[in-house]
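# Coordinate analysis (summary)
What follows is the residue order along each chain.
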Amino acid sequence: MAKHARCVPWEHAMSRRRWLGTTLGAAAGAYGLGGLWQPALAEQLQSRQRQVLFIWIDGGMSQLESWDPKPGTRFGGPFRAIPTSVPGIHVSELLPRSARLMDRLAIVRSLCTQDNSHSAGVARIQRGDPKNRGVTYPYFGSAVAKLLGAGQSGLPPYLWIKPGGGGFKYEDAGFLGAKYGALALGDGQPPENLLRHESLSADDDAARQALRRRANQRYAARRRPEVNDAHGYVFEMAAALMEQQELFTGQDDPRDVQRYGSHEFGRHMLKARKVLEAGVTFVKVNSYGWDTHGDNFNGHARLMPKFDQAFAAMIEDLEERGMLDHVLVIAMSEFGRTPRINGHVGRDHWPEAWSLAMAGCGLHKGLAVGQTNDEGTFVDTQPYDIGHMFHTWFKALGIDPQRTQYDNAGQPLPIAHDDCHAVAELLA
Amino acid sequence: MLLAVLTLPNVALWADQPLHPRIDALIAAAADGPLAAPADDSEFLRRLSLDLLGRIPSSQEVRDFLADTAPDKRRQAIDRLLASDESSRHLAQAFDVMLMERLGEHEEWSRYLAESFRQNKPWDQMVREMLFPDASSESLRGAGFFLSKRLENYGQNPVDMPGLVRDVGRLLLGIDVQCAQCHDHLFVDDYKQADYQGLFAYLGHTFVRTDVQFPAVGENLVEKKVEFSSVFEQQPMATGPRLPGGRELEIPVFSKDEAFEVPPDRKTRTPGVPRFRPLQLLAEELPRADNRLFVRNVVNRLWWLMLGRGLVHPLDLHHSDNPPSHPELLDLLADEFVAHQFDVRWLMRELALTEAYQRSSVLPEGADVPPADRFQVALEKPLSAEQILASLRVATGHEPPASPSTEKQADAEGVALRKTFQAALAAQPREPEVEIRPSVQAALFLSNNSLILKWLQPGEGTLISRLDKLKDPAQVADELYLSVLGRMPTDEERQETREYLASRPERRVEALGHLAWALLTSTEFCVNH
């Protein structure tokens, strides 16, 4: 297909809708959120379910105060660099716990992306900056939900733990259609209407559900099967979700709370570990408030320890549980921050040279890919865009981005930017 | 099959017949297997009430209808319901969902729709008022919301002008030309880039007026054609305003001081009124009897509203590779609709009178499941969030909430209820509500939300209190099934009710609540069958 270089980015929503429209004729599994329980498309993945923890550091973590410190230089700021468990790799002193785990981590210091505004950057990064083909691409979470499916957990494949409101967030799914959206646990709380009403006992609920099923059987006996199958199916899925409510409401072990931190991000990361343990395919955790245009250094001095604490606790727990083999952990922002320190002792948006951290799922351990120049202003080695990261992540998840395509109502679409490739150094 | 040959109609000879038998003759001629039996009175009344009033009938309405012995009671019911204020409010609601696709609400738009359907305003007139809203008329200016809402920024995104062009094409002409924005459509040969750009030339210069509180659209000067080229061929092209299949309009040249009829006023921020106003021309050119796309689109959408599937389906993909399931029928509906001055209620009445509409959704004994586009068996239709809300209220013995157009006077509670139900049950903005699409979110809402449990409590005139007073379990079952499902229970269902109540003698009110909840969340209640 020829390039659509001049095709401006408004969605071909017809195709997306047709996708939704056709669900009625499909198997019962394809309904509403019910579709989230569809079996994985790639059968070879069934044997060992791979999962993703995607930590979204919203607003832009400073690479200079985290994974790529430049102490003692013009733009380096006040913090020192400290050695890590990998000789030769130093990180900011604001990451003491993560530094001790560096031999489990892989960091990339040579990210060079494009958008420097939040509104464009957040979407562009989380969509993997696909070339413009006139459709709205899914966020990474929806893409993984589509490509890996829900596994056997009985839970939706894409959970999003975030401060603020929760609910069913369809927007992330783009042309894949609403059913690949996120189920958001606002402030870590269970989704609305998940909990059985207090006036109703479990036995009574079971009794009324049995009555409902019998009513549906009588209705369906004499009618086309599709509508009743679909309608009954979402109630069964709702019941399955309700059975897991302990996961959303249960008490946290105080020792865990201490290790992850009793702050919001720590509590949300602990919740993330629990739902990963329960088998959710993709978990996104948001941390807000990183847009430090003013007072960058006090800001990072306040924010980084919370991140460091919860991130390190998570890596330790995943490893201890043997989950790091099949859980891909990614911690990143929409861009880094300017090396130049502005008049408000802040750093602004800087997509030219920044860093991210990863672990698990077969990625090489204990390495730092790429480097920036002495003052951290630009990338000295081969620059990597978000498209390279998407290729790398898909490969780590066992999905070949060269061979796998979306089928958007007949329009074949690559799952990752077709001018990019995986970062070979990161992959086993 | 012999029957089909004998009844093959000659539409021209039948011209003095009412429309509905001619529709049925065409459907029968194209049938591919047995037709379902006529719906019984309960099934018919429930369907009619949902389609024309937006709610299920109350148990008393069902009882009265079942007891009515008049041979033409169905015709009477159709006329009675169509004449009611409730039907005007429901049609306004249904058209709001169809035309705005949950983009947003505006009081003046709701009032405009309600008043238009109360007057049974011809469809072509409504479309003229929507495309060239008269800002000077308090009763008509709300129509501007159709355009003005689509000219707002949404979220952090700028105005989605291609989305507006697309929606005018989809909703008023039945063609989705969005994918022909940058090149001729890749899958649909009929949709040319020039069609998109010609429609864009009517709309691309418009903006939301911010100098007034009501929905209003302004027009900038249009002095030259829209220039475009295909991303594949890079050949420069240009077009003035042109409807698909229509003629291109000249763009007049004015000297600088003559370009405005009323020049803009910077002080009051009042936009100018250009002498050349493509919106006015669009309002003249688009909703016309000789614009076949316009006429076919609306009759196809009314057919879908009543019969559950478009003769052309999807509704917004009219083109030669997606022909109507019944080509003659679509032409007949279009011709007759024009001959009856675009009278929406007249066409709905004729459709409600057809055997096709009044067939059962129960499959004929022993036959294969027929294709949906043959209309041999009634199709199950989705219920909107508003229909579910109103029906739940009626079923549980509560007043349905007031409609948006009257809420000024009343009922903050009704507004809140509607918003709650829309959030849980309606589609996302820009997603058409055409198919049945159950969701886990909706199932959780109906299962656990405290509102519905509250409506299943005893109280003055509520369902549970009415049932609680009845001592004979058979009577309980009758009233329960009439109230919730609009029909009498079967013997098996009476038996089930009796046994369930007998198993919980100490907790009768709760047991009644369980029985009612099970029916309220059943497929039979949640779809229009």
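On a predicted model such as this, the values are computed, not experimentally measured, just so you know.

### Some thoughts on the overall build of chain B
Helices and strands together make up the secondary structure of chain B, namely 24 helices and eight strands. Here the C-alpha radius of gyration of chain B, 26 Å, is about what a compact globule of 529 residues would show, namely 24 Å. Viewed in the frame of its principal axes, chain B has a C-alpha envelope of about 85 × 65 × 45 Å. Relative to its full complement of 529 residues, chain B shows a buried share of 58%. Within chain B, counting contacts between residues at least 6 apart in sequence, those at least 24 apart form 67% of the total. Distance between charge centres in chain B, computed from 58 positive and 80 negative side chains, equals 4 Å.

### Some points on the interface of chain B and chain A
Facing the 70 residues of chain B at the interface are 62 residues of chain A. Taken together, the two surfaces of chain B and chain A that pack against each other cover about 5900 Å², and 60% of this comes from carbon and sulfur. Where chain B packs against chain A, one counts five salt bridges. In this structure, Glu496(B) and Arg214(A) form a salt bridge, with 2.6 Å as the shortest nitrogen-oxygen distance. Summed over the shared surface of chain B and chain A, the number is 16 residue pairs in polar contact (both at pLDDT 80 or more). When residues of the side of chain B that touches chain A are traced back to their parent elements, those giving at least two are α10 (161–173), α18 (440–448), α19 (450–455), α22 (491–503), α23 (508–520) and α24 (523–526) of chain B.

### A look at the domain arrangement of chain A
Annotation of chain A at the domain level lists domain 1 (29–193 + 253–426) and domain 2 (195–243). Placing a centre on the C-alpha atoms of domain 1 of chain A and another on those of domain 2 of chain A gives a separation of 38 Å.

### Observations concerning the sheet that holds strand β9 (residues 327–332) of chain A
Residue and element names in this part refer to chain A. Strand order in the open sheet made by the nine strands is β6-β7-β5-β8-β1-β9-β12-β4-β13, with mixed pairing throughout. Across the chains shown, the open sheet's two edge strands, defined by having one partner strand only, are β6 (167–169) and β13 (367–369). Here the average twist between neighbouring strands, direction ignored, is 20°. The pairing of strand β1 (residues 51–57) with strand β8 (residues 282–287) spans six bridges and is classified as parallel. In the sheet register, Trp-56 faces β8, and the bridge partner there is Asn-286. Lying over the sheet, helix α11 (residues 386–396) contacts β1, β4 (105–111), β9 and β12 (354–359), oriented at roughly 165° with respect to β9.

### Let's talk about the environment of Leu194(A)
If you trace the backbone, Leu194(A) turns up in the loop between β7 (182–186) and α5 (202–220). Linking Leu194(A) and Phe248(A), residues 54 residues apart in sequence, is a C-alpha distance of 9.4 Å. Not counting residues up to four positions away in its chain, the partners in contact with Leu194(A) are Leu241(A), Met242(A), Gln245(A), Phe248(A), Leu444(B) and Asn448(B).

### Concerning the side chain of His231(A)
Residue placement: His231(A) occurs in helix α6 (residues 225–243). Note on His231(A): relative accessible area 7%, which makes it buried. Of the polar contacts made by the side chain of His231(A), one reaches the side chain of Thr523(B); its length is 3.4 Å. Look past the residues within four positions of His231(A) in its chain and what remains in contact with it is Pro438(B), Thr521(B), Ser522(B), Thr523(B) and Cys526(B).

### Remarks on the pairing of β1(A)
Residues and elements named next belong to chain A. Burial runs high along β1: seven of the seven residues are buried. Alternating residues of β1 divide into Gln-51, Leu-53, Ile-55 and Ile-57 and Val-52, Phe-54 and Trp-56, and every residue in both groups is buried. Where β1 lies against β9, six bridges are found, and the strand directions are parallel. Along β9, the bridge assignment pairs Val-52 with Leu-328.

### Remarks on the confidence of the model for chain B
In this model, chain B carries an average pLDDT of 93, and 95% of its residues clear a pLDDT of 70 or more. Across residues 1–7 of chain B the pLDDT falls below 50, and counting only partners more than four positions away or on other chains, this stretch makes four contacts in the model.

### Points about the pairing of β4(A)
All names here are of chain A. With respect to burial, β4 is a largely interior element, seven of its seven residues being buried. Note that β4 and β12 share five bridges and pair antiparallel. Considered in β12, the bridge of Ala-106 is made with Met-358.

### A short note on the domain arrangement of chain B
Domain boundaries assigned for chain B yield domain 1 (2–83 + 295–372), domain 2 (122–285) and domain 3 (385–528). Look at where the C-alpha atoms of domain 2 of chain B and domain 3 of chain B centre, and you get two points 44 Å apart.

### Observations concerning a nonpolar patch on the surface
Residues Leu186(B), Phe187(B) and Phe232(B) make up a contiguous nonpolar surface patch of roughly 250 Å² in combined accessible area. Its location among the elements puts Phe187(B) in the loop between α10 and α11 (193–203).

### Here's the deal with α11(A)
For α11(A), the buried fraction is high: 10 of the 11 residues fall into the buried class. Among the residues of α11(A), those classed as buried are Ile386(A), Gly387(A), His388(A), Met389(A), Phe390(A), His391(A), Thr392(A), Trp393(A), Phe394(A) and Ala396(A).

### So, the packing of aromatic side chains
In the structure shown here, the tally under the stated rule is 30 aromatic pairs over all chains. Seen from their ring centres, Phe175(A) and Tyr406(A) are 5.4 Å apart, and the 80° between their planes marks the pair as edge-to-face. Taken as a pair, Phe175(A) in the loop between β6 and β7 and Tyr406(A) in strand β14 (residues 405–408) lie far apart in primary sequence, 231 residues in all. With a relative accessible area of 4%, Phe175(A) lands in the buried category. Relative to Phe200(B), the ring of Tyr196(B) has its centre 6.2 Å away and its plane inclined at 15°; by these criteria the two rings are stacked. One end of the pair is Tyr196(B) and the other is Phe200(B), both in helix α11 and four residues apart, which spans about a single turn.

### A look at the side chain of Glu129(B)
All names here are of chain B. Structurally, Glu-129 can be placed in helix α8 (residues 123–131). A relative accessible area of 11% places Glu-129 in the buried class. Dropping the residues within four chain positions of it, Glu-129 is found in contact with Tyr-112, Lys-121, Leu-140 and Ala-143.

The rules behind each value
Residues numbered from 1 in each chain as written. Chains lettered and ligands numbered in written order. Predicted model: local features only at pLDDT ≥ 70, side-chain atom pairs only at ≥ 80, totals over all residues. Heavy atoms only, no water. Helix = DSSP H or I, 4+ residues; strand = E, 2+ residues; numbered from the N terminus. Rg over C-alpha atoms; globule rule 2.2 N^0.38 Å. Buried < 20%, exposed > 50% of the residue type's maximum accessible area, 1.4 Å probe, protein only. Contact = heavy atoms within 4.5 Å. Lys, Arg positive; Asp, Glu negative; His and termini not counted. Charge placed at Lys NZ, Arg CZ, Asp CG, Glu CD. Buried area = accessible area lost by both parts, 1.4 Å probe. Salt bridge = Lys/Arg side-chain N within 4 Å of Asp/Glu carboxyl O. Polar contact = N/O pair within 3.5 Å; in protein donor to acceptor, adjacent residues only side chain to side chain. Domains from an automatic or database assignment. Pairing = 2+ DSSP bridges. Axes fitted to C-alpha atoms, helices over the stretch in contact; angles between N-to-C directions. pLDDT = per-residue confidence, 0-100. Patch = residues over 30% accessible without salt bridge, like charges linked within 9 Å, V, L, I, M, F, W, Y side chains within 5 Å. Areas by Shrake-Rupley, 256 points an atom, 1.4 Å probe, with all protein chains shown as cover. Phe/Tyr/Trp six-rings, centres within 6.5 Å; stacked < 30°, edge-to-face > 60°.

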